[in-house]
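Now for the letters of each chain:
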Amino acid sequence: NIEAAPKNRVFISLPKKYMAGLSQCYALDHGLLITELDPNISEKYLISYFKEWGQITKCKIKNNSNSSKNCLADVWFSTEEEADRAHWAGPHCIGGTESNVSRIVSPKIQDE
């Protein structure tokens, strides 16, 4: 019986071999966490960049400031396989800047 997660989204980065065990307890969303992102990059640009590897279900840029060290984003895919393909396609040079890309999962949020 898969249960819904709490109302606040939790980002979990863990080795792929442990994701299957977590998915037995929760329905998971699969995505990427991008750090060291150029602050001039828009959500529309990120969606366009990552759509090559699958259907983007959500994209959010956070802490958008004048410092690339403080700019990060999360990009969510419709399937685990799409998120894996996008992650494995790295390193990613987004808008001319090499960004750090980490594979993440999150228990699905009911209200989204």
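Everything quoted here is computed from the prediction, not taken from an experiment. (Residues numbered from 1 in each chain as written. Predicted model: local features only at pLDDT ≥ 70, side-chain atom pairs only at ≥ 80, totals over all residues. Heavy atoms only, no water.)

**Details of the sheet that holds strand β4 (residues 92–94)**
Whenever strands of a sheet pair, they do so through backbone hydrogen bonds, lying parallel or antiparallel.
For step 1, the next point in the chain: In spatial order, the strands read β2-β3-β1-β5-β4; together these five strands make up an open sheet with antiparallel pairing. Across the chains shown, the open sheet's two edge strands, defined by having one partner strand only, are β2 (56–62) and β4. Across the sheet, the axes of successive neighbouring strands diverge by a mean angle of 35 degrees, strand direction being ignored.
For step 2, the next point in the chain: Two elements, strand β1 (residues 28–35) and strand β3 (residues 72–77), share five bridges in a ladder whose sense is antiparallel. Pairing of I34 across the sheet is with A73, part of β3. (Pairing = 2+ DSSP bridges. Helix = DSSP H or I, 4+ residues; strand = E, 2+ residues; numbered from the N terminus. Axes fitted to C-alpha atoms, helices over the stretch in contact; angles between N-to-C directions.)

**Concerning the pairing of strand β5 (residues 97–107)**
For step 1, the next point in the chain: As paired elements, β1 and β5 share eight bridges and run antiparallel to each other. Bridging across to β5, L33 finds its partner in S102.
For step 2, the next point in the chain: With three bridges connecting them, β4 and β5 associate as antiparallel partners. In the sheet register, I94 faces β5, and the bridge partner there is T97.

These figures come from the coordinates and say nothing about function on their own.
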